[in-house]
Amino acid sequence: MSFDRNIKIAPSILAADFADFGREIQAVEAEGADWIHVDVMDGHFVPNLTFGPPLVKAIRRHIKTVMDVHLMISPVDQYIDAYADAGADILTAHIEAGPHTHRTLQAIRGAGMKAGLALNPGTSVETVAPLLDLCDLICIMTVNPGFGGQSFIESQIAQVVRLREMIGDRPIHIEIDGGVDAKTAPLVSAAGADVLVAGSAVFRGGSVDNPSPYGENIQAIRTAAVAAA
Ligand code: DX5
Ligand code: ZN
């Protein structure tokens, strides 16, 4: 994976047909997805439950782009090797998931993956300052994690602006997750984000048998984001 700050659209399969992940992934990639965002929830760190390493490993062979795995689980460390074995390119853990985030980020890189760090809306970006050099990606949540289809929390834009200043020239992606659509995408790209996760705004209106709405949705988000970047 080479680094750049071009706008990347990462559809979240949380909004796909759970009984047909393989074809859903092939459809959004054919329609222009840059990365595939995979939301792992444990029913403990967040009040919802999705899937774990065996399913993530099974979908890996359908992904031609980048598998971006977002862990909404606590604890994290004992599962890192399982996600490396599952083929994650980027493994993102939450700073709120435990007291030893520094160790977690080291372990993710040590297992051969890019290390991501996610922050809930209630967490200040200043908390990542001591961890920046261990991160390949920082994910600013623009909803409270756990569910797709929630409203974008606009007050997070100021945090994105601040994070962009803190990052400076470091090769660290800024990812935005939650409530991203063609209306909110320009706000975050103008603030300095380059990876836009979108679930409902990508998958709405389409299906594996009628995938062209996926492409129109991705294009609408990308065009709006690029114009404001
Ligand atoms: C939320 C997840 C998101 C979610 C985004 O907990 O981390 O990735 O799927 O969904 P939308 O785009 O519908 O807000
Ligand atoms: Zn996510």
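Residues numbered from 1 in each chain as written. Chains lettered and ligands numbered in written order. Predicted model: local features only at pLDDT ≥ 70, side-chain atom pairs only at ≥ 80, totals over all residues. Heavy atoms only, no water.

Engineer: Help me out: how do you make sense of the overall build of the protein in this one?
Structural biologist: A count of helical and extended segments in the protein gives eight helices and eight strands. A globule of 229 residues ought to have a C-alpha radius of gyration of about 17 Å, and the protein, at 16 Å, matches this closely. Across the 229 residues of the protein, 54% fall into the buried class. Excluding contacts between residues fewer than 6 apart, the proportion of contacts in the protein whose partners are at least 24 apart in sequence is 67%. Both charge centroids of the protein, one from 16 positive and one from 27 negative side chains, sit 4 Å from each other. (Helix = DSSP H or I, 4+ residues; strand = E, 2+ residues; numbered from the N terminus. Rg over C-alpha atoms; globule rule 2.2 N^0.38 Å. Buried < 20%, exposed > 50% of the residue type's maximum accessible area, 1.4 Å probe, protein only. Contact = heavy atoms within 4.5 Å. Lys, Arg positive; Asp, Glu negative; His and termini not counted. Charge placed at Lys NZ, Arg CZ, Asp CG, Glu CD.)

Engineer: Sorry, what's going on with the site of ligand 1 here?
Structural biologist: Around ligand 1 there are 20 residues in total, and Asp39, Gly146, Asp177, Gly199 and Ser200 lie nearest to it. Contact distances for ligand 1 include 2.7 Å between an oxygen atom and a backbone N or O atom of Gly146. Within the contact set of ligand 1, an oxygen atom lies 2.7 Å away from a backbone nitrogen or oxygen of Gly199. Burial of ligand 1 by the protein amounts to 99% of the accessible area it has alone, namely 380 Å². When contributions to the shell around ligand 1 are tallied by element, the ones reaching two or more residues are strand S2 (36–41), strand S3 (67–72) and strand S8 (195–198). The residue makeup of the shell around ligand 1, split by class, is eight nonpolar, 10 polar and two charged. (Near = heavy atom within 4 Å. Polar contact = N/O pair within 3.5 Å; in protein donor to acceptor, adjacent residues only side chain to side chain. Areas by Shrake-Rupley, 256 points an atom, 1.4 Å probe, with all protein chains shown as cover. Nonpolar A, V, L, I, M, F, W, Y, C, P; charged D, E, K, R; others polar.)

Engineer: Whenever I open this one, the sheet that holds S3 confuses me. Can you help?
Structural biologist: Ordered in space as S1-S8-S7-S6-S5-S4-S3-S2, the eight strands form an open sheet in which the pairing is parallel. With partners counted over all chains shown, the strands left at the sheet margins are strand S1 (8–11) and S2, one partner each. The average undirected angle you get between the axes of adjacent strands in this sheet is 25 degrees. In the sheet, S3 pairs with strand S4 (residues 90–94) via three bridges, with the strands oriented parallel. For His70, the partnering residue across the bridge sits in S4 and is Thr92. Of the strands in this sheet, S1 and S8 touch helix H8 (residues 212–228), which is tilted by about 145 degrees from S1. (Pairing = 2+ DSSP bridges. Axes fitted to C-alpha atoms, helices over the stretch in contact; angles between N-to-C directions.)

Engineer: Explanation requested: the nonpolar core in the structure shown.
Structural biologist: One recurring pattern in soluble globular proteins: nonpolar side chains tend to sit buried together. If you look at the biggest cluster of nonpolar residues, it comprises 70 residues, and the most contacted ones within it are Val69, Ile176 and Leu196. When residues in this core are grouped by element, the largest group, five residues, is from helix H5 (residues 156–167). When near neighbours in sequence (up to four residues on either side) are disregarded, Ile176 contacts Ile140, Thr142, Phe152, Val160, Val188, Ala193, Val195, Leu196 and Val197. Among the nonpolar cores identified, the runner-up in size contains 11 residues, and Ala10, Leu137, Met141 and Val197 belong to it. (Core = buried A, V, L, I, M, F, W, Y, C linked by side-chain atoms within 4.5 Å.)

Engineer: How do you make sense of the layout of surface pockets when you look at a structure like this?
Structural biologist: Counted as a void, the largest pocket has a volume near 310 Å³. Every residue lining the largest pocket is counted, 28 residues in all, and those nearest its centre are Gly148, Gly149, Gly178, Gly179 and Gly199. Of all the secondary-structure elements, those providing two or more residues to the lining of the largest pocket are S2, S3, S8 and helix H7 (200–203). For the lining of the largest pocket, the per-class residue count stands at 13 nonpolar, 11 polar and four charged. Roughly 160 Å³ of volume is contained in the second largest pocket. The wall of the second largest pocket is formed by 14 residues, among which Val76, Asp77, Ala97, Gly98 and Thr104 lie closest to the centre. Counting only elements with at least two residues in the lining of the second largest pocket, the list comes to S4 and helix H4 (101–110). With three residues, H4 is the largest single contributor of residues to the lining of the second largest pocket. Considering only residue class, the lining of the second largest pocket consists of five nonpolar, seven polar and two charged. (1 Å grid on protein atoms, 1.4 Å probe; cavity = no way out; pocket = protein on both sides within 12 Å on 5 of 7 lines; lining within 4 Å. Points joined across faces, edges and corners; volume = space filled by probe spheres on them.)

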